[in-house]
Amino acid sequence: MLGVIGTGYLGATHAACMAELGFDVVGVDTDESKVRSLSQGELPFYEPDLPELLAKNVAAGRLRFTTDFNELANADMHFICVGTPQQPGKNAADLSYVKASVAAVAAIAKPGSLLVGKSTVPVGTADALSASLPSHLELAWNPEFLREGFAVEDTLRPNRLVVGVQSDRAENLLKEVYQSLIKDGVPWISADLRTAELVKVAANSFLATKISFINAMAEICDASGGDVTVLAKAIGYDPRIGNRFLQAGIGFGGGCLPKDIRAFMARADELGATQALEFLREIDSINLRARKRVIELVRRDLSEALKSKRIAVLGAAFKPDSDDVRDSPALDIAVQIQAAGADVVVHDPKAIEPARKRFPALNFASSIDEVLKDAEIVLHLTEWKIYREIDPVKAKSLVSKAIIIDGRNALDRNKWIDAGWQFRALGVSDKEA
Ligand code: NAD
């Protein structure tokens, strides 16, 4: 039997996927309403393919959820999947949920069972937690690399499995759990606890750097008259660079990249290695600057005065195929523009409810036609497929002024220009109809 502690985006996915692999799984969360919904086989958030997997495995009796840690007493392995958010007002991660969940598991876990951390934590956390455990329990770290929007695929067919272990026994137990994935050829990387923790934050730092790199190039293109979309395509053909994550726009957000690079910097400070990660400070500023640059474009087009201007925002989630609005660049821009007095209306195919919960003062539209109606400028901020399918000719008949800012460089520019729109994008010179 496997225990999964914390059943949010990571834990619910991991629990359902482990049940799909044939294990008997118990998920524990302190959030009663989440547990109630999951117990009924209903996913309390949006993630493609996960609802079917959850419902199927709950119905088959292999997967159940509870708020009672005692129900983990028979588990052979306990996956720790709780949140590690940024501490308010600081760069460092808040480890209180990890510490509380490890203590709760340690109090009931049967001797010989293995605790396996999956949450993203600062290097050294696992060593410290390990020292706090009774001698009959052992801790391993197995960082998670899933992408929201592809969480099921990434869990059942990951591009690698990384485990930080303190004994051959722990590694063998983990190999047993993941044996079907290993048989399918998924690379297996065994490391010490510290390296395993570092792999995760290093990977996220690299990805953040790649995004901010192309956004810095977008700034240079804006200053010099170049076109960052052509530049990205051209450098991406070099296999050492690659074309993924090279789409200039309003940058990264979500519950991982921003807080992970900040926590990594905070940990480097503690380790006396501040300089090694100084570049991440710049990566963070480039990222936040991209949001400001979109707002400057809006101000320029609306002659500075935003007061009472009707602005349509396409997208609230931090990325498409997710309803996650944590540190969403789209919502941040919408909120800032509204704070400047504009009449902002936001649309998103899946994230309206989470967005409304976070920012109740924003206005939301339930259809694309409704959000476009009478808009004086349209901002495309989350690259959902349905927005690429908008007919610009019809859209033009709904708005009051046909100006669009493509904050993701994802729309078919020529199609919008041919339909008579003024088209703006970061790193691309203005194109007029
Ligand atoms: P989340 O907020 O969606 O889920 C965390 C869950 O933990 C919540 O349901 C919360 O109620 C529960 N929880 C908190 N304290 C608890 C406790 N003491 N006992 C039991 N449950 C408790 O967060 P998430 O996005 O799933 O992220 C979890 C961790 O996984 C983070 O460290 C994150 O960085 C990492 N991670 C997330 C992703 C992702 O795409 N979301 C990918 C890789 C790694």
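Residues numbered from 1 in each chain as written. Predicted model: local features only at pLDDT ≥ 70, side-chain atom pairs only at ≥ 80, totals over all residues. Heavy atoms only, no water.

A. Summary view of the site of the ligand. Around the ligand there are 26 residues in total, and D29, K34, T84, E148 and K259 lie nearest to it. Separating an oxygen atom of the ligand from a backbone N or O atom of L10 is a distance of 2.8 Å. A distance of 2.6 Å is found between an oxygen atom of the ligand and a side-chain nitrogen or oxygen belonging to D29. The protein chains hide 89% of the 840 Å² of surface that the ligand would expose on its own. Classifying every residue of the shell around the ligand by side-chain character gives ten nonpolar, eight polar and eight charged. (Near = heavy atom within 4 Å. Polar contact = N/O pair within 3.5 Å; in protein donor to acceptor, adjacent residues only side chain to side chain. Areas by Shrake-Rupley, 256 points an atom, 1.4 Å probe, with all protein chains shown as cover. Nonpolar A, V, L, I, M, F, W, Y, C, P; charged D, E, K, R; others polar.)

B. A look at the pattern of salt bridges. Tallied over the full model, the rule gives 28 salt bridges. Put simply, R293 and D222 hold a salt bridge, and the shortest N to O gap is 2.5 Å. Taken together, the positions of R293 in helix α12 (residues 278-301) and D222 in helix α9 (residues 193-224) put the pair 71 residues apart, joining distant regions of the chain. The exposure class assigned to R293 is buried, which follows from its relative accessible area of 11%. The residue R326 makes a salt bridge to D324 at a minimum N-O spacing of 2.9 Å. On the basis of relative accessibility, which here comes to 31%, the residue R326 falls in the partly exposed class. The exposure class of D324 is buried, given its relative accessible area of 2%. What you see here is one network of salt bridges that share partners, running through E148, D324 and R326. (Salt bridge = Lys/Arg side-chain N within 4 Å of Asp/Glu carboxyl O. Helix = DSSP H or I, 4+ residues; strand = E, 2+ residues; numbered from the N terminus. Buried < 20%, exposed > 50% of the residue type's maximum accessible area, 1.4 Å probe, protein only.)

C. Summary view of the packing of aromatic side chains. Scanning the entire structure with this criterion turns up four aromatic pairs. Here the aromatic rings of W416 and W421 are separated by 4.9 Å at their centres, their planes lie at 75 degrees, and the arrangement is edge-to-face. W416 sits in the buried class, given a relative accessible area of 3%. Positioned above the aromatic ring of F150 is the side chain of R147, whose terminal nitrogen or guanidinium carbon lies 4.3 Å from the ring centre. It is R160 that lies over the ring of F145; its NZ or CZ is 3.7 Å from the centre. (Phe/Tyr/Trp six-rings, centres within 6.5 Å; stacked < 30°, edge-to-face > 60°. Lys NZ or Arg CZ within 6 Å of the ring centre and 35° of its normal.)

D. Layout of the side chain of S322. Relative to the elements of secondary structure, S322 occurs in the loop between β9 (310-314) and α13 (329-339). A relative accessible area of 0% means that S322 is categorised as buried.

E. Representation of unusual backbone geometry in the model. Phi is positive for D49, which is not a glycine, with a value near 70 degrees. Along the polypeptide, D49 turns up in the loop between α2 (32-39) and α3 (50-59). Residue N409 is not a glycine yet carries a positive backbone phi of 45 degrees. Looking at the secondary structure, you find N409 in the loop between β13 (403-406) and α18 (413-418).

F. Molecular detail of the packing of α9 against helix α10 (residues 228-236). Closest axis-to-axis distance for the α9/α10 pair is 9 Å, and the angle between their directions is 135 degrees. Here α9 is positioned oblique relative to α10, judged by the angle of their axes. Of the two possible hands of crossing, α9 and α10 adopt the one that is right-handed. For the pair α9 and α10, the contacting residues are F213, I214, M217, A218 and C221 in the first and V228, L231, A232 and I235 in the second. A per-class count over the contact of α9 with α10 returns nine nonpolar, no polar and no charged. (Axes fitted to C-alpha atoms, helices over the stretch in contact; angles between N-to-C directions. Parallel < 35°, antiparallel > 145°, perpendicular 65-115°, else oblique. Left-handed = near helix turned anticlockwise from the far one by under 90°. Contact = heavy atoms within 4.5 Å.)

G. Broad picture of the environment of P134. Summarising the element assignment, P134 is placed in the loop between α5 (125-132) and β6 (138-141). It is 24 Å that separates the C-alpha atoms of P134 and D94, two residues lying 40 residues apart in sequence.

H. Local environment of the packing of α9 against α12. Axis separation between α9 and α12 bottoms out at 9 Å; the angle between their running directions is 50 degrees. For the element pair α9 / α12, the angle class is oblique. Taken as a pair, α9 and α12 cross one another with a handedness that is left-handed. Here α9 contributes S205, A208, T209, S212, N215, A216, A218, E219 and D222 to the contact with α12, which in turn contributes F279, L280, I283, I286, N287, R289 and R293. For the contact of α9 with α12, the residue count by class is seven nonpolar, five polar and four charged.

I. Seen up close, the pairing of β9. The buried count for β9 comes to five of five residues, which makes it a mostly enclosed element. Every second residue of β9 is oriented toward a common face, with R310, A312 and L314 on one face and I311 and V313 on the other, all of them buried. Here β9 runs beside strand β10 (residues 343-347); their pairing, made up of five bridges, is parallel. Paired with V313 across the strands is V346, a residue of β10. Assessed by its sense of winding, the connection that carries the chain from β9 through α13 to β10 is right-handed. Here β9 runs beside strand β12 (residues 377-380); their pairing, made up of four bridges, is parallel. (Pairing = 2+ DSSP bridges. Right-handed = clockwise from strand over helix to strand, strands pointing away.)

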